[in-house]
Amino acid sequence: MNWPKRRSITVVIGMAIVLVLPVLIAGDAVAQSPAPNAYFLDWAPGNYSDTTNGLQVEGLGSLGCAYSQSSIESMTIYDVNTRLQATITEISPQSYCGSVSQYESLVNNITNYVETYASAHVGNLWGGFILDEEPGFGFSYSQLMTLNTYVSNRLINTPGVTWWYENQGNCSGCWTQTQYDNLTLSNATPGIAAPQVYNNFMRDQATTSGFNYQMINCWSGAPYPYDVGCTVGFYPYTNGSYAAASIYGTPWDQRFGTNIAFLWENKFQ
């Protein structure tokens, strides 16, 4: 099965972009290979670091919770237009912050804003949305499937690299393996698997899913050894984390308008 994102892309800052499309296949190595050599790091609106390859604007639940739509939009635009940095916008859908329809509107509004005010660079530098979805956040599996389908349909015609990532954080006895997989597959065009891998259970789900080209999410606060290699603040990043080395497949490879062969991991701080 071929995945999207998908067509010729406008070149910015003088460098061609190569977009490698992921395929839903079983990995054929005992670890992500080659190891990640770049990472996204989440920062709340108004904060950022120059020590990471990519920035993740941490929008949390937004709506009735932190952070405001306007602050998420402003930070995303700043990262893309001013800092010319590979940027992804994170939203953590939570039922106590808003409804599914409100999250659909939030995604639509932010997308419209970024496409309007970062039009020169959006196709190469805005990776779109990463959705942190967890059973404890209050939405049912079916509600999240509805939201993911909407996000997929909304972003399918956006320029260039803009797409969506599924950052599921499951727990034992919560979503089944099939439900876990389906959140990435959606009922429309699949997203990019970006699972949280903080323990053996999460590792096994990420591996069993069979998704190649996963952007693994590690955490320095995870129990040993899943915290190894996830320290924030060193750059350049060359050897990946234990979490990435514990699963099958290949890191998500997206060049974001450069000629650098980025292999991505995601760090939670």
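Whatever comes next refers back to the structure up there.
Please read all numbers here as calculations on a predicted model, not as lab measurements.

Caption draft 1: Summary view of the sheet that holds strand β1 (residues 38-43). Across the sheet, eight strands lie side by side as β6-β5-β4-β3-β2-β1-β8-β7; this open sheet has parallel pairing. If you trace the sheet from one side to the other, it starts and ends with β6 (192-193) and β7 (217-219), each paired once. In terms of strand pairing, β1 meets strand β2 (residues 54-58) through four bridges, oriented parallel. Bridge pairing in β2 places phenylalanine 40 opposite glycine 54. Sheet strands in contact with helix α4 (residues 141-155) are β4 (126-131) and β5 (163-166), and its direction is about 155° off that of β5. Lying over the sheet, helix α5 (residues 177-185) contacts β5 and β6, oriented at roughly 165° with respect to β5.

Caption draft 2: Expanded view of unusual backbone geometry. Of note, the amide linkage connecting serine 33 to proline 34 takes the cis form, showing an omega dihedral of -5°. Within the element layout of this structure, proline 34 appears in the segment before β1. The backbone phi angle of leucine 60 is positive, close to 50°, even though this residue is not glycine. Mapped onto the elements of the fold, leucine 60 is located in the loop between β2 and α1 (69-82). Its identity is not glycine, yet phenylalanine 256 carries a phi of approximately 50°, on the positive side.

Caption draft 3: Up close: α4. Between its terminal C-alpha atoms α4 stretches 21 Å, which fits the 21 Å expected from 15 residues at 1.5 Å a residue. For α4, every residue scored as buried is listed here: Leu144, Met145, Leu147, Asn148, Thr149, Val151, Ser152, Arg154 and Leu155. Considering only its buried residues, α4 is in contact with α2 (100-117), β4, β5 and α5.

The rules behind these values
Counting of residues starts from 1 at the beginning of each chain's written sequence and follows it residue by residue. A pLDDT threshold of at least 70 governs which residues receive local features in this predicted model, and a stricter bar of 80 or more applies before side-chain atom pairs are shown or counted, although totals over entire chains, interfaces and linings include all residues. The basis for every side-chain value is the complete set of non-hydrogen atoms in the structure, without hydrogens or water. For two strands to be treated as a pair, DSSP must find no fewer than two bridges joining them. The helix count covers DSSP runs of H or I at least four residues long, the strand count covers runs of E at least two residues long, and both are numbered beginning at the N terminus. Residues count as neighbours in contact if any of their non-hydrogen atoms are within 4.5 Å of one another. Note on method: axes are straight lines fitted to C-alpha atoms, helices fitted across the in-contact stretch only, with angles between N-to-C directions ranging 0 to 180 degrees. Multiply 1.5 Å by the residue count of a helix minus one, and that product is the helix's expected span. Between buried and exposed lies partly exposed: a residue is buried under 20% and exposed over 50% of the maximum accessible area for its type, with that area taken using a 1.4 Å probe on protein chains only.

Worth remembering: the numbers are spatial, not functional.
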